[in-house]
Amino acid sequence: MTVDLAAKYDLRVPRYTSYPTAPHFDESVDGDVYRGWLADLDPATELSLYSHIPFCDEMCWFCGCYTKIVKRYEPVAEYLETLLQEIDLLAGALPGRLAARHLHWGGGSPTMLTGDDWLRLIDRLRAAFRFTDDAEVAVELDPRTATEDYVRALARAGVNRTSIGQQDFHPETQRAINRIQPFEMTEQVVGWMRAHGISALNMDLMYGLPYQTADRVREMVDLTVRLKPRRVALFGYAHVPWMKTHQKMIPEETLPDTAERWAQVDAASERLVAHGYVAVGLDHFALPEDELAVALGEGRLHRNFQGYTTDTAQVMLGLGASAIGQLPQGYAQNASPLKAHRESVADGRFPITRGLALSEEDRVRGAIIERLMCDLRVDVAAVATRHGRSADDFAEEFDKLEPLVADGLVAIDGATVAMTPAGRPFLRLAAAAFDAYLNRGAKRYSKAV
Ligand SMILES: C[S@@+](CC[C@H](N)C(=O)[O-])C[C@H]1O[C@@H](n2cnc3c(N)ncnc32)[C@H](O)[C@@H]1O
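The shown structure was predicted, so the numbers you read here are calculated from the model rather than taken from an experiment.

A.B. asks: What am I meant to see in the pairing of strand 18 (residues 410-413) here?
C.D. replies: Two faces belong to every sheet, and in a regular strand the side chains alternate between them. Where strand 18 and strand 19 (residues 416-419) come together, 4 bridges link them in antiparallel fashion. Bridging from a neighbouring strand, Ala 411 pairs with Ala 418 of strand 19. Counted between consecutive antiparallel strands, the loop separating strand 18 from strand 19 contains 2 residues, among which Gly 414 sits at a positive phi close to 65°.

A.B. asks: Please explain the site of the ligand as it appears in this structure.
C.D. replies: Looking at the ligand, there are 20 residues lining it, with Phe 62, Gly 108, Gln 167, Arg 179 and Asp 204 nearest. Within the side chain of Gln 167, an N or O atom sits 2.7 Å from an oxygen atom of the ligand. Take Ala 238: an N or O atom from its main chain is 3.0 Å from a nitrogen atom of the ligand. Protein chains shield 89% of the accessible area of the ligand, which is 580 Å² for the free molecule. For the shell around the ligand, the secondary-structure elements that each account for two or more residues are strand 5 (130-141), strand 6 (161-167), strand 7 (200-207) and strand 8 (231-236). Its residues assigned to classes, the shell around the ligand comprises 8 nonpolar, 8 polar and 4 charged.

A.B. asks: Help me out: how do you make sense of the sheet that holds strand 17 (residues 377-379) in this one?
C.D. replies: Hydrogen bonds between backbone atoms are what pair the strands of a sheet, whose relative direction is either parallel or antiparallel. In space, the 3 strands of this open sheet follow the order 17-19-18, with antiparallel pairing throughout. The strands lining the two open edges of the sheet, one partner per strand, are strand 17 and strand 18. With direction set aside, neighbouring strand axes in the sheet form an average angle of 15°. Judged from the 3 bridges that link them, strand 17 and strand 19 form a sheet pairing that is antiparallel. Along strand 19, the bridge assignment pairs Arg 377 with Ala 418. Where helix 12 (residues 360-375) meets the sheet, it contacts strand 17 and strand 19, and its direction lies at approximately 140° from that of strand 17. Against the sheet, helix 14 (residues 395-406) contacts strand 18 and strand 19, and its axis sits at roughly 130° relative to strand 18.

A.B. asks: Got a minute to help me understand the side chain of Gln 167 in this structure?
C.D. replies: Inspection of the secondary structure assignment puts Gln 167 in strand 6. Setting aside anything within four residues of it in sequence, one finds Gln 167 in contact with Phe 62, Ile 177, Arg 179, Asp 204, Leu 205, Met 206, Leu 209, Gln 212 and Met 220.

A.B. asks: Please explain the packing of helix 4 (residues 115-128) against helix 5 (residues 148-157) as it appears in this structure.
C.D. replies: Direction vectors running N to C along helix 4 and helix 5 enclose 10°, while the axes themselves pass 9 Å from each other. On the basis of their axis angle, the class for helix 4 and helix 5 is roughly parallel. From helix 4, Gly 115, Trp 118, Leu 119 and Ile 122 reach across to helix 5, where they touch Tyr 150, Ala 153, Leu 154, Arg 156 and Ala 157. Class assignment for the residues of the contact of helix 4 with helix 5 results in 7 nonpolar, 1 polar and 1 charged.

A.B. asks: Explanation requested: the environment of Glu 360 in the structure shown.
C.D. replies: Mapped onto the elements, Glu 360 comes out in helix 12. Here Glu 360 falls in the exposed class, since its relative accessible area comes to 56%. Along the backbone, Glu 360 and Cys 63 are 297 residues apart, and their C-alpha atoms lie at a distance of 36 Å.

A.B. asks: What exactly am I supposed to notice about unusual backbone geometry here?
C.D. replies: Peptide bonds are mostly trans, and most non-glycine residues show a negative phi. Of the consecutive residues Tyr 19 and Pro 20, the connecting peptide bond is found in the cis state with omega at -10°. By the secondary structure assignment, Pro 20 is in the loop between helix 1 (2-8) and helix 2 (31-39). Between Gly 107 and Gly 108 the backbone carries a cis peptide bond, its omega angle lying at 15°. With respect to the helices and strands, Gly 108 occurs in the loop between strand 4 (99-107) and helix 4. Its identity as a non-glycine residue notwithstanding, Gln 167 has a phi of 75°, on the positive side. What makes Gln 167 buried here is its relative accessible area of 6%. Despite not being glycine, Ser 322 has its phi angle at roughly 75°, a positive value. Counting through the fold element by element, Ser 322 comes out in the loop between strand 13 (315-319) and strand 14 (324-327).

A.B. asks: Honestly, the domain arrangement of the protein chain in this entry has me stumped. Any pointers?
C.D. replies: You'll often see interface size given as the accessible area lost when the parts meet. What the domain assignment reports for the protein chain is domain 1 (23-318) and domain 2 (359-440). Spacing between the C-alpha centres of domain 1 and domain 2 amounts to 28 Å. In this complex, domain 1 contributes 12 residues to the contact, which on the side of domain 2 involves 13 residues. For the pair domain 1 and domain 2, the two sides together bury roughly 1000 Å², of which 61% comes from carbon and sulfur. The largest share of the area that domain 1 buries against domain 2 comes from His 24, Trp 262 and Leu 282, three residues that together contribute 42% of it.

A.B. asks: Is there a simple way to explain the environment of His 387 in this structure?
C.D. replies: Mapped onto the elements, His 387 comes out in the loop between helix 13 (380-386) and helix 14. When the C-alpha atoms of His 387 and Glu 360 are compared, they prove to be 8.0 Å apart, with 27 residues separating the residues in sequence. In contact with His 387, not counting residues within four places along its chain, are Arg 363, Val 364 and Ala 367.

A.B. asks: So what exactly am I meant to see when it comes to the packing of helix 2 against helix 3 (residues 74-93) here?
C.D. replies: Two quantities define a packed helix pair, namely the angle between the axes and the distance from one axis to the other. Where helix 2 contacts helix 3, the two axes come as close as 9 Å, and the packing angle between them is 55°. The angle between the axes of helix 2 and helix 3 places the two elements in the oblique class. Residues Tyr 34, Arg 35, Leu 38 and Ala 39 of helix 2 form the contact with helix 3, whose participating residues are Leu 89, Leu 90 and Ala 93. Here the contact of helix 2 with helix 3 is composed, by residue class, of 6 nonpolar, no polar and 1 charged.

A.B. asks: How should I be thinking about the side chain of Asp 362 in this particular structure?
C.D. replies: Tracing the backbone through its elements, the reader meets Asp 362 in helix 12. Take Asp 362: its relative accessible area is 5%, and that puts it in the buried class. When near neighbours in sequence (up to four residues on either side) are disregarded, Asp 362 contacts Tyr 19, Pro 20, Leu 356, Ala 357 and Tyr 437.

A.B. asks: Sorry if this is basic, but what is going on with the pairing of strand 13 here?
C.D. replies: A large share of strand 13 lies buried, amounting to 5 of its 5 residues. Taking every second residue as pointing to the same face, both faces of strand 13 are buried, with Val 315, Leu 317 and Leu 319 on one and Met 316 and Gly 318 on the other.

Rules behind the numbers
- Residues numbered from 1 in each chain as written.
- Predicted model: local features only at pLDDT ≥ 70, side-chain atom pairs only at ≥ 80, totals over all residues.
- Heavy atoms only, no water.
- Pairing = 2+ DSSP bridges.
- Helix = DSSP H or I, 4+ residues; strand = E, 2+ residues; numbered from the N terminus.
- Near = heavy atom within 4 Å.
- Polar contact = N/O pair within 3.5 Å; in protein donor to acceptor, adjacent residues only side chain to side chain.
- Areas by Shrake-Rupley, 256 points an atom, 1.4 Å probe, with all protein chains shown as cover.
- Nonpolar A, V, L, I, M, F, W, Y, C, P; charged D, E, K, R; others polar.
- Axes fitted to C-alpha atoms, helices over the stretch in contact; angles between N-to-C directions.
- Contact = heavy atoms within 4.5 Å.
- Parallel < 35°, antiparallel > 145°, perpendicular 65-115°, else oblique.
- Buried < 20%, exposed > 50% of the residue type's maximum accessible area, 1.4 Å probe, protein only.
- Domains from an automatic or database assignment.
- Buried area = accessible area lost by both parts, 1.4 Å probe.

Right, here's the structure in full:
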């Protein structure tokens, strides 16, 4: 039945890691606006940092992230110098040495940095920010390049969480995506991490990849749980070859069709739950004792550019090319081209090229969408009241949800909107009913399942 419904609804809608979403950012936010926003922050604010390392030594054909392939270390070393200068620039513009509770390195592959360079980077950050005692220092890690010495260096630098890119274990799929990473390789790296005290492990899995089937994704889950990650992210392969031309290396005929993708996401999700994981939001799973599952149970889950998080910080600062920051005043995104990023920082100017100053309307809609994306339900009246508004202001949005209600995907009780169990995969669509920007520009999103 879900396949018929998927055909009925246009599921090409955003994943709402922010509201408004990044395609609606524009040039009204630049380095000067950002500098003003930073200066106005309360010095008592606790913040999070996201740092982007846009390098890999080999391209995975499925990759949808912003990265560059490098065969030498020089460009990475040069980028690190820019990052260190960018940290100094930030420290100089902030109203004091603010506390940092969550640090996340994404990519690309942050593990392209050498162990010594990790120490330099984290030392510089510690000079600029006060890391809280319980600070989470998380790194996206590519096990194919990790050695035991490297894992030891990460641990020494203070890294205490890693997200391991696995995607799938099947050799046929691995060959088709240009990422050879057998189970034993990941198992060895996981062993080193535990031995050196990095015990908070996430793993990234995907469905919808070449040659995957429902049976094979069940096997993928069974292998994954043998490594006992605390969290698993299960992403549907977004095939966007018009934006990411290397994805043309994946022949379309090897990709599962929509019905098969549904079968795969159902199979993988059911299997993870059967293994004792708790489904969190759109695409995450966590062991019941993990903070993400606990936060879900207590209504404290949040969503940001990195996905689902327990992070409650009101401020996330972005560092590095393409990184997006989130401040109480709005969103600010760094330039993506490495040259533009480097030259701006060298000139002492923040490399911000796009962003969006939040309006009151954006804030209330963003809060409704975040609660729905996290809790799969939202009391629109309660959120509206907190923002000095009323649920009646959203009558049109409730009307937009009617077809989903008629199909048993959404239940409305008073002003509370809740996804039904069958409606869970349609979560993005319910959130989209509250998106005032949708259809304001021609943007093609990938399949929702
Ligand atoms: C930025 S990547 C970094 C992973 C890490 N550098 C590695 O390769 O091991 C983070 C995750 O995004 C997911 N991802 C990347 N491209 C994707 C796409 N086209 N569709 C869906 N998920 C994707 C993958 O699961 C990947 O592990």
